[in-house]
Amino acid sequence: MSRPPHVPRPVSPADRRPNLQARSVLAGQAAAAAAEVEIALAPRTDPSAAAFFDVDNTIMQGASIFHLARGLYRRDFFSARDLASAIWQQAYFRISGVEDPEHIEKARSSALSFIAGHSVAELEEIGEDVFDEHMAHKIWPGTRAIAQTHLDRGERVWLVTAAPIEIAQVIARRLGLTGALGTVAEHVDGVYTGRLVGEMLHGEGKAVAVRAIAERENLDLAQCSAYSDSSNDLPMLSLVGRPCAVNPDATLRAHAKAHGWEIRDYRTGRRVAVAGAKAAGFAAATSTAWQVARRLRR
């Protein structure tokens, strides 16, 4: 008896086999295509490229040495008067947005005298606490995002700062960066002497450090990036192919504009606030420092 024309013929296992094979081929092609899309969208990596970031007012708001001073005071490294001086200098730095070499030098000289006789391990432990207490919430989200972009490209990211190397290394480690270059304090048998090895890592010294890292790690400086807020770092910025001024001082901003460098400013509303209340800000900073010293003496 013949089957009515409208009734479908049952599919036998032999008929299914070619269909499954075709679907398997399609699945494999789809998987390969998806991987190709993923590879195409992935950022290009360049093992010869790296990024170098200043710390103070570039990675974080304010000066790291003054945040360290607050932590050292809480641990009885120095007096209330010393802390009041540090608060005033930190306020000056934040309000003016200018890195005053004299202020920074005084702060670091004081810090060196305070840590003399203390161990490296002790300062490293304090650095971890200071980051949590005073630094973590001072990190500029915009600059942190830039650093992460470089890491995502497979590039190495270094901090280059005049701050003590122990603090710089804590910041780098907490932010997941490659490492840090900073000022090295002399120590013998793990105990600080109160002297520097050479000078502060500042100005031309940063450029020397970056060249040394580039040579050691086979970096092409023309493919590297550098970020800073200060005209003091022009030697380092001018060394790389991709310099960027971040929260720049007036001199650096002018230089960056003249040379077509990228400029990024994350200080929202800062100019308006400073223009209208700079004098009041300095007066308030002076008053605050005096009040802190008086209360701490009590």
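Look a little higher up for the structure.
Residues numbered from 1 in each chain as written. Predicted model: local features only at pLDDT ≥ 70, side-chain atom pairs only at ≥ 80, totals over all residues. Heavy atoms only, no water.

J.: Which residues make up the nonpolar core, and what are the values?
T.: Counting 37 residues, the largest nonpolar core has F53, L159 and I171 as its most contacted members. Secondary-structure elements contributing two or more residues to this core are β1 (50-53), α2 (64-74), α5 (120-135), α6 (141-152), β2 (156-164), α7 (165-174) and β7 (242-246). Discounting chain neighbours no more than four positions away, the residues touching I171 are V55, M60, F131, M135 and L159. (Core = buried A, V, L, I, M, F, W, Y, C linked by side-chain atoms within 4.5 Å. Buried < 20%, exposed > 50% of the residue type's maximum accessible area, 1.4 Å probe, protein only. Helix = DSSP H or I, 4+ residues; strand = E, 2+ residues; numbered from the N terminus. Contact = heavy atoms within 4.5 Å.)

J.: Would you mind going over the sheet that holds strand β8 (residues 262-264) in detail, with residue names and values included?
T.: If you walk across this open sheet you meet the six strands as β3-β2-β1-β6-β7-β8, and the pairing is parallel. Of all the strands in the sheet, just β3 (179-183) and β8 have a single pairing partner and so form its edges. Ignoring strand direction, the axes of neighbouring strands in this sheet form an average angle of 20°. Note: β2 against β3, four bridges, orientation parallel. Bridge pairing in β3 links L159 to A180. Packed on one face of the sheet, helix α10 (residues 250-259) meets β6 (225-228), β7 and β8 and runs near 145° to β8. (Pairing = 2+ DSSP bridges. Axes fitted to C-alpha atoms, helices over the stretch in contact; angles between N-to-C directions.)

J.: Residue-level account of the packing of α2 against α5, with values.
T.: Following both chains from N to C, one finds α2 and α5 inclined at 110°, their axes separated by 9 Å at the closest point. The angle between α2 and α5 places the two elements in the roughly perpendicular class. Across the interface between the two elements, S64, H67, L68, R70, G71, L72 and R74 from α2 touch L123, I126, V130, E133, H134 and M135 from α5. Tallied by class, the residues present in the contact of α2 with α5 amount to six nonpolar, four polar and three charged. (Parallel < 35°, antiparallel > 145°, perpendicular 65-115°, else oblique. Nonpolar A, V, L, I, M, F, W, Y, C, P; charged D, E, K, R; others polar.)

J.: Explain the pattern of salt bridges to me, using residue names and the numbers behind them.
T.: Oppositely charged side chains are able to pair whenever their charged atoms sit close together. As enumerated under the stated definition, the model contains 16 salt bridges in all. Between E128 and R174 there is a salt bridge whose closest N-O contact spans 2.9 Å. Of this pair, E128 sits in helix α5 while R174 sits in helix α7; the two residues are 46 residues apart in sequence, bridging distant segments of the chain. For E155, the salt bridge identified is with R153, shortest N-O distance 4.0 Å. A relative accessible area of 7% places E155 in the buried class. Take R153: its relative accessible area is 30%, and that puts it in the partly exposed class. When salt bridges that share partners are traced, they join R74, R75, D129 and E133 into one network. (Salt bridge = Lys/Arg side-chain N within 4 Å of Asp/Glu carboxyl O.)

J.: Please provide a residue-by-residue account of the packing of α5 against α7, values included.
T.: Packed helix pairs are specified by the crossing angle of their axes together with the interaxial distance, meaning the distance between the axes. Closest axis-to-axis distance for the α5/α7 pair is 9 Å, and the angle between their directions is 50°. Between α5 and α7, the angle falls in the class oblique. Between α5 and α7 lies a crossing of right-handed hand. Contact residues: α5 offers V120, L123, E124, G127, E128, F131, D132 and M135, while α7 offers E166, I167, V170, I171, R173 and R174. (Left-handed = near helix turned anticlockwise from the far one by under 90°.)

J.: Lay out helix α8 (residues 204-216) in plain terms, naming residues and giving numbers.
T.: If you check α8, its first and last C-alpha atoms are 19 Å apart, about what 13 residues at 1.5 Å a residue would give, namely 18 Å. Among all positions in α8, only K206, A207, A209, V210, I213 and A214 are buried. Buried residues of α8, viewed axially, fall in a sector of 160°; they line one side. Structural note: α8 exposes E215 and R216 on the side pointing more than 90 degrees away from its buried face. Positive phi appears at N218, one or two residues downstream of α8, with a value of about 55°. (Expected span 1.5 Å × (residues − 1). Arc of directions from axis to C-beta.)

J.: Let's hear about the side chain of T183: which residues, and what values?
T.: Relative to the assigned elements, T183 resides in strand β3. A relative accessible area of 7% means that T183 is categorised as buried. A polar contact of 3.0 Å, which involves the side chain of T183, links it to the backbone nitrogen of L201. Once residues within four sequence positions are removed from consideration, T183 is found in contact with T161, A162, A163, P164, I165, L196, E199, M200 and L201. (Polar contact = N/O pair within 3.5 Å; in protein donor to acceptor, adjacent residues only side chain to side chain.)

J.: With reference to specific residues and values, describe the pairing of strand β4 (residues 185-188).
T.: Taken together, the three bridges between β4 and strand β5 (residues 191-196) define a ladder with antiparallel strand orientation. Each residue of the ladder has a partner; that of V188, found in β5, is V191.

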